[in-house]
Amino acid sequence: MSTEQQSEAPAEGDEGPVASGNDTLTVTDNRTGRSYELPIEDDTIKALDLRQIKVHEEDFGMMAFDPAFTNTASCRSAITYIDGEAGILEHRGIPIEQLCEHSTFLEVSYLLVFGELPTRPQLEAWVHDVTIHTFVHEDIKKFLSGFRYDAHPMGMLLASTGALSTFYPDANKILDPIERYLATIRLIAKMPTLAAFSYRHNMGQPYVYPDNDLSYPENFLSMMFKMTETKYEPDPRLAKAIDVLFILHADHEQNCSTSAVRGVGSSDVDPYSAVAAGIAALYGRLHGGANEAVLQMLRRIESVDNIPSFLDAVKKREEKLMGFGHRVYKNYDPRARIIKSHADEVFEATEYNPLVELATELEKQALDDDFFTSRKLYPNVDFYSGIIYEALKIPPGMFTVIFAIARTAGWIAQWLEMTDDPDKKISRPRQIYTGAREANYIPLGERTGEDRISGPATRPS
Ligand code: ACO
């Protein structure tokens, strides 16, 4: 507990209070001259400890204002470590570079969910459990067929994931170990099936059922691209690239979509609904939607000759360089570095694509430009992932969907951690109220419209 140290204003020339312990922060409120000693734990103070800072006894007390949570830790987590300045990403302490080189997406999912690498029998059991849950209820097919032919696959994935909660109503027993395990397995197993079905719906092609002889990434490619052949045999280089992309996107600590999963999950809703909230957040163009936006941007730039004028427009704030910049990484995104090294293998196995050359030159020119380097704007994971998907002939609408397949492992690991956390409470931020107070209701016939307080909505004229 924090304590109020002194209630009198310090005398002139007084140096002020001296912190009694090393692990405290002394705050002096210059409005009152009172000082407070706040405990520091893990380089952090508790925002609630600020509440005791008041001018008048009846005041609500001080709050921290942090609209985008740029400097607020919302939880303790042992899943993913990021050092944005140094460009480090680790899952359960293991560097992402090692995981991409030696592991598989399903093994990384196990690591995220259980906290350690599996033994061989544990891995076999895990892969088996995921594999036998890849099928979805036939009614999900009917549900998907209700969408318009051109529905965005991310919208279909969002809706069908939310719908899963109606197929598994017992998933709302969120502390039951069996239900927790089943939801974990089902979400990881069914996400590629829902994703591929959404794609086939867009293409007007029959849905392809999972093939349990194939590995997780191979099965996804089969459900996407299998046509009349009896057995789909994916190019191992492409299956490996997809698996690496899955690993790279598996988790990224408290980003927008994970915070959405935790925020919605904090109400004790079932994990399918919480993960659907994560998918919704990921859909936005500033988050998972960025890789699709990168492709749209490259198509608009059209040729290498147009790069300088495009970069000028970015500097004038008329354009945004999609796939550049990151809230956390103020250095090269380590995932972008790994993707870049796998991109060449994919381009070898696929047809020449002029967008690859355009992207490489765009990156080079941006990194030579002080506007970007002075703001620490480097390529993020989305800059290259979109080009690889393009080379794999995956349409832009599916890029974020593939991101969602992978991030499901992280979302469910974070949901499991949150629901087990003794500090967990329902998420409920505070606000600084800026609106009117104690206004009177004016009868409809007496309103002139002149005294209106303008609200955020504008009615198109
Ligand atoms: N293009 C041009 N300028 C940019 C870009 C960009 N992509 N990103 C940031 N800036 C500029 C800002 O205008 C700002 O300039 P200023 O200081 O002169 O005003 C400065 O760089 C700092 O940027 P912020 O917006 O404060 O950075 P923030 O951390 O809030 O935003 C974000 C991070 C949203 C990722 C941003 O960099 C962006 O919009 N990037 C493009 C979208 C993108 O690629 N998103 C994918 C992120 S990775 C992921 O979700 C997997």
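### Some words on the overall build of the protein
Here comes step 1: Within the protein one finds 17 helices and six strands.
Here comes step 2: Taking the principal axes of the C-alpha coordinates as reference, the protein spans close to 85 × 65 × 60 Å.
Here comes step 3: Taking all 461 residues of the protein together, the buried fraction comes to 46%.
Here comes step 4: With the model as given, the accessible surface of the protein reaches about 24,500 Å², and the carbon-plus-sulfur share is 52%.
Here comes step 5: Counting 46 positive and 69 negative side-chain charges, the protein places the averaged centre of each group 5 Å from the other.

### Looking at the site of the ligand
Here comes step 1: Around the ligand sit 21 residues in total, of which Arg 317, Lys 320, Leu 321, Gly 323 and Arg 327 are the nearest.
Here comes step 2: Within the backbone of Leu 286, an N or O atom sits 3.3 Å from a nitrogen atom of the ligand.
Here comes step 3: Here Arg 317 contributes a side-chain N or O atom positioned 2.5 Å from an oxygen atom of the ligand.
Here comes step 4: Summarising the interface, the protein chains cover 73% of the accessible area of the ligand, which totals 920 Å² for the free molecule.
Here comes step 5: Tallied by class, residues from the shell around the ligand come to 10 nonpolar, five polar and six charged.

### Considering unusual backbone geometry
Here comes step 1: Of note in this structure, Arg 92 is not a glycine but carries a positive phi near 50 degrees.
Here comes step 2: Structurally, the position occupied by Arg 92 is in the loop between β5 (88-91) and β6 (94-95).
Here comes step 3: In this structure Arg 92 comes out as partly exposed when scored by relative accessible area, which is 25%.
Here comes step 4: With phi around 40 degrees, Glu 253 is a residue other than glycine that occupies positive phi space.
Here comes step 5: Mapped onto the fold, Glu 253 is located in the loop between α8 (236-248) and α9 (256-265).
Here comes step 6: The exposure class of Glu 253 is partly exposed, given its relative accessible area of 24%.

### Here we look at the domain arrangement of the protein
Here comes step 1: Each assigned domain of the protein is listed here: domain 1 (1-65) and domain 2 (79-425).
Here comes step 2: Taking only C-alpha atoms into account, the centre of domain 1 sits 44 Å from that of domain 2.

### Notes on α9
Here comes step 1: All buried positions along α9 are accounted for by Ser 257, Thr 258, Ala 260, Val 261, Arg 262 and Gly 265.
Here comes step 2: Where α9 is buried, its residues meet α10 (271-283) and α17 (399-420).

### Points about the nonpolar core
Here comes step 1: Phe 105, Phe 220, Met 297, Leu 321 and Leu 362 are the most contacted members of the largest nonpolar core, which has 113 residues in total.
Here comes step 2: Element by element, the count of residues in this core is highest for α17, at 14 residues.
Here comes step 3: Each residue touching Met 297, except ones within four places of it in the same chain, is listed here: Phe 310, Lys 320, Leu 321, Met 322, Leu 362 and Phe 383.

### Details of the side chain of Glu 107
Here comes step 1: With respect to the element layout, Glu 107 can be found in helix α2 (residues 105-114).
Here comes step 2: If sequence neighbours within four positions are ignored, Glu 107 has contacts with Leu 117, Pro 118 and Leu 123.

### Regarding the sheet that holds β6
In a beta sheet, neighbouring strands pair by backbone hydrogen bonds and run either parallel or antiparallel.
Here comes step 1: Strands sit in the order β4-β5-β6 across an open sheet of three strands; the sheet is antiparallel. Only two strands of the sheet have a single neighbouring strand rather than two, namely β4 (80-83) and β6.
Here comes step 2: Sheet topology places β5 next to β6; two bridges connect them, and they run antiparallel. Looking at β6, one finds that His 91 is bridged to Ile 94.

### Regarding the packing of helix α4 (residues 138-145) against helix α6 (residues 177-203)
Here comes step 1: Viewed as axis vectors pointing N to C, α4 and α6 meet at an angle of 40 degrees, and their least axial separation amounts to 10 Å. The orientation of α4 relative to α6 falls into the category oblique. In terms of crossing hand, the pair formed by α4 and α6 is right-handed. Contacts between α4 and α6 involve Ile 140, Lys 141, Leu 144 and Ser 145 from the former and Leu 194, Phe 197, Ser 198 and His 201 from the latter.
Here comes step 2: Class assignment for the residues of the contact of α4 with α6 results in four nonpolar, three polar and one charged.

### Remarks on the pattern of salt bridges
Here comes step 1: Scanning the entire structure with this criterion turns up 21 salt bridges.
Here comes step 2: For Lys 142, the salt bridge is made with Asp 139, and the minimal N-O distance between the two is 3.0 Å. Of this pair, Lys 142 and Asp 139 both sit in helix α4, three residues apart, which is roughly one turn of that helix.
Here comes step 3: Using a relative accessible area of 32% as the deciding quantity, one classes Asp 139 as partly exposed.
Here comes step 4: Here Arg 335 makes a salt bridge to Asp 333, at a shortest N to O gap of 2.9 Å. For the pair Arg 335 and Asp 333, one class covers both residues: buried.
Here comes step 5: Each of Glu 41, Asp 42 and Arg 76 takes part in a single network of salt bridges with overlapping partners.

### Remarks on the pairing of strand β2 (residues 24-29)
Remark: a regular strand shows side chains that alternate across the two faces of the sheet.
Here comes step 1: Bridge count for β2 against strand β3 (residues 34-39) is six bridges, and the pairing is antiparallel. If you follow Asp 29 over to β3, its bridge partner there is Arg 34.
Here comes step 2: Where β2 folds back on β3, the antiparallel hairpin that results is connected by four residues, among which Gly 33 adopts a positive phi of roughly 80 degrees.

What counts and what doesn't
- Residues numbered from 1 in each chain as written.
- Predicted model: local features only at pLDDT ≥ 70, side-chain atom pairs only at ≥ 80, totals over all residues.
- Heavy atoms only, no water.
- Helix = DSSP H or I, 4+ residues; strand = E, 2+ residues; numbered from the N terminus.
- Buried < 20%, exposed > 50% of the residue type's maximum accessible area, 1.4 Å probe, protein only.
- Areas by Shrake-Rupley, 256 points an atom, 1.4 Å probe, with all protein chains shown as cover.
- Lys, Arg positive; Asp, Glu negative; His and termini not counted.
- Charge placed at Lys NZ, Arg CZ, Asp CG, Glu CD.
- Near = heavy atom within 4 Å.
- Polar contact = N/O pair within 3.5 Å; in protein donor to acceptor, adjacent residues only side chain to side chain.
- Nonpolar A, V, L, I, M, F, W, Y, C, P; charged D, E, K, R; others polar.
- Domains from an automatic or database assignment.
- Contact = heavy atoms within 4.5 Å.
- Core = buried A, V, L, I, M, F, W, Y, C linked by side-chain atoms within 4.5 Å.
- Pairing = 2+ DSSP bridges.
- Axes fitted to C-alpha atoms, helices over the stretch in contact; angles between N-to-C directions.
- Parallel < 35°, antiparallel > 145°, perpendicular 65-115°, else oblique.
- Left-handed = near helix turned anticlockwise from the far one by under 90°.
- Salt bridge = Lys/Arg side-chain N within 4 Å of Asp/Glu carboxyl O.

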